[in-house]
Amino acid sequence: QSEDVDALVIAGDIYDRSVPPSNAVTLLDDILNQICTELAIPIVLIPGNHDSADRLCFGSRQLKEAGLHVLGNLENIEQSVTLTGKSGVSVNFYGMPFNQPENVNQQFDVTVSTHDEAHTFLVNKIKETMNVKQNNVLISHCFVGGCDPAEESESERPLSIGGSGTVSYEPLTDFTYVALGHLHGPQFRGEEHIQYAGSILKYSFSEQKQKKGVTLVEIDRSGKPTIKRLPLQPLRDMRLIEGTIKQIIKQGKTDPYADDYIMVRLTDKHAILDAMGKLRDVYPNILHLEKIGLKALGE
């Protein structure tokens, strides 16, 4: 709200499963109402590999009248949502939900065998009718390769079983900006205007060092995007603490962030009775305990 944004883009994984629990649905409903109705900020979102596209797209034709644009239908892949900002600059948003090669084959009567072939086919379908003289933003949920290795985490569900789900970044370079979803760490792929904003929270301890936030993109009248990271500070961080149980308990008694989500690695080389209970007295939100001292002794 402080940045006076013209739109919010969410690049998939709205939920963490295809049939979400009722409290997650209620929470999302509250958030969407606050943004679309109370703040009058339109939202453009796509389904990710954690979502059910059919469920997420329910009522989408009616919801767009309220400013909520759900782009999840491959049949309408070439149709864009055009929004005009307060500066008078208009942007066309194209949505490419997560899809398997067989979905593309069935929808378009083609034969693609890999995620890369399917993704490239869909990108080219969009570019066939896209006006390259206008500002065009692609929203895609996929695993984009690049010139350097991608930063992955343990909480990302694989996009394919027994094969590579990676797609090429080269077909994406013609867009003004590409908003990517899937990888939880913020990063660009191939070129700077092809970006993962990353997840807004840490979902596994493999993400403990990632700097979470959102990406602010400003597109001026010349069509050039200016990209800025805005950090987010969670109510509780996710941290790893290592040491003996005596050291960790002593530290926890004065730790100002003792309510964080904690993984503890104990270096003690002897068994400790109810170690988790003792640690919870100082770190009430401890989630995982590893006894690396005993493991090393066993080796």
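The structure contained in this document is the topic of the report that follows. Throughout this document, residue positions are counted from 1 along each chain, in the order its sequence is written. Reporting of local features is limited, given that this is a predicted model, to residues whose pLDDT is at least 70; pairs of side-chain atoms are given and counted only at 80 or more, and all residues count toward the totals for whole chains, interfaces and linings. To get the side-chain values, take all heavy atoms of the structure and skip hydrogens and water.

## A look at the overall build of the chain
Where we set the bar: Only DSSP runs of H or I reaching four residues or more are called helices, and only runs of E reaching two or more are called strands; each is numbered from the N terminus. Working definition of accessibility: Shrake-Rupley area with a 1.4 Å probe, residue cover restricted to the visible protein chains. His residues and chain termini do not enter the charge count, which takes Lys and Arg as positive and Asp and Glu as negative. Note that the charge is assigned to NZ on lysines, CZ on arginines, CG on aspartates and CD on glutamates.
Tallying secondary structure elements over the chain gives eight helices and 16 strands in all. Considered along the principal axes of its C-alpha atoms, the chain spans approximately 70 × 45 × 35 Å. Carbon and sulfur atoms form 50% of the exposed surface of the chain, whose accessible area is close to 16,800 Å². Averaging the coordinates of the 29 positive side-chain charges in the chain and doing the same for the 40 negative ones gives two points 7 Å apart.

## Brief notes about the side chain of Glu 207
The following threshold applies: N or O atoms closer than or at 3.5 Å make up a polar contact, with two conditions inside protein: a donor-capable atom paired with an acceptor-capable one, and, for residues adjacent in sequence, both atoms drawn from side chains.
Mapping Glu 207 onto the fold places it in the loop between strand E11 (191-196) and strand E12 (213-219). Polar contacts involving the side chain of Glu 207 include one to the side chain of His 184, which spans 2.9 Å.

## Examining the sheet that holds strand E9 (residues 177-181)
This is how it is decided: A strand pair is defined by DSSP finding two or more bridges across the two strands. Throughout, an axis means a line fitted to C-alpha atoms (over the contacting stretch in the case of helices), and angles, computed between N-to-C directions, take values from 0 to 180 degrees.
One open sheet holds the six strands; their spatial order is E4-E5-E6-E9-E11-E10, and the pairing between them is mixed. Pairing within the sheet leaves two strands with one partner each, and these edge strands are strand E4 (81-84) and strand E10 (187-189). On average, each strand axis in the sheet is tilted by 30° relative to the strand beside it, whichever way the strands run.

## Topic: the pairing of strand E16 (residues 286-291)
Threshold: Crossover handedness is defined by viewing with both strands directed away from the observer: a clockwise path from the first strand over the helix to the second marks the crossover as right-handed.
Sheet topology places strand E15 (residues 261-266) next to E16; five bridges connect them, and they run parallel. Among the inter-strand pairings, Arg 265 is bridged to a residue of E16, identified as Glu 290. Tracing the backbone out of E15, into helix H7 (residues 275-280) and back to the parallel element E16 gives a crossover that is right-handed.

## Notes on the pattern of salt bridges
The following threshold applies: Definition used for salt bridges: Asp or Glu carboxyl oxygen within 4 Å of a side-chain nitrogen of Lys or Arg. Residue burial is assigned from relative accessible area. The probe radius is 1.4 Å, only protein chains are included, and a residue is buried under 20% of its type maximum, exposed over 50%, and partly exposed in between.
Summed over all chains, the structure comprises nine salt bridges. For Asp 4, the salt bridge identified is with Lys 86, shortest N-O distance 3.5 Å. On the criterion of sequence distance, the pair formed by Asp 4 in the segment before strand E1 (8-10) and Lys 86 in the loop between E4 and strand E5 (90-96) is long-range, its members being 82 residues apart. On the accessibility criterion, Asp 4 (49% relative accessible area) is partly exposed. With a relative accessible area of 56%, Lys 86 lands in the exposed category. Note that Asp 6 and Lys 86 form a salt bridge whose closest N and O atoms lie 3.0 Å from each other.

## So, the sheet that holds E15
Read across the sheet, three strands follow the order E14-E15-E16 without closing on themselves; strand pairing throughout is parallel. Edge positions in the sheet fall to strand E14 (238-243) and E16, since each has one partner strand and no second. Strand after strand, the sheet turns through a mean of 15° between neighbouring axes, direction not considered. For E14 and E15, the ladder comprises six bridges, and the chain directions are parallel.

## Quick notes on the nonpolar core
One recurring pattern in soluble globular proteins is that nonpolar side chains are buried together. Which entries qualify depends on this criterion: What makes a nonpolar core is a set of buried Ala, Val, Leu, Ile, Met, Phe, Trp, Tyr and Cys residues whose side-chain atoms join them at distances within 4.5 Å. In what follows, a contact means two residues having at least one pair of non-hydrogen atoms within 4.5 Å.
Within the largest apolar cluster, 26 residues are counted, with the highest numbers of intra-cluster contacts made by Ile 126, Leu 138, Val 144 and Phe 175. Within the residue set of this core, elements represented by two or more residues are E5, helix H4 (101-108), helix H5 (115-129), strand E7 (143-144), E9 and E11. With four residues, the single largest contributor to this core is H5. Other than its neighbours up to four places away in sequence, Phe 175 contacts Tyr 94, Val 123, Ile 126, Lys 127, Met 130, Asn 136, Val 137, Leu 138 and His 193. Ile 241, Ile 272, Ala 275 and Tyr 283 belong to the second-largest nonpolar core, a separate cluster that totals 15 residues.

Honestly, it's all geometry; don't read function into it.
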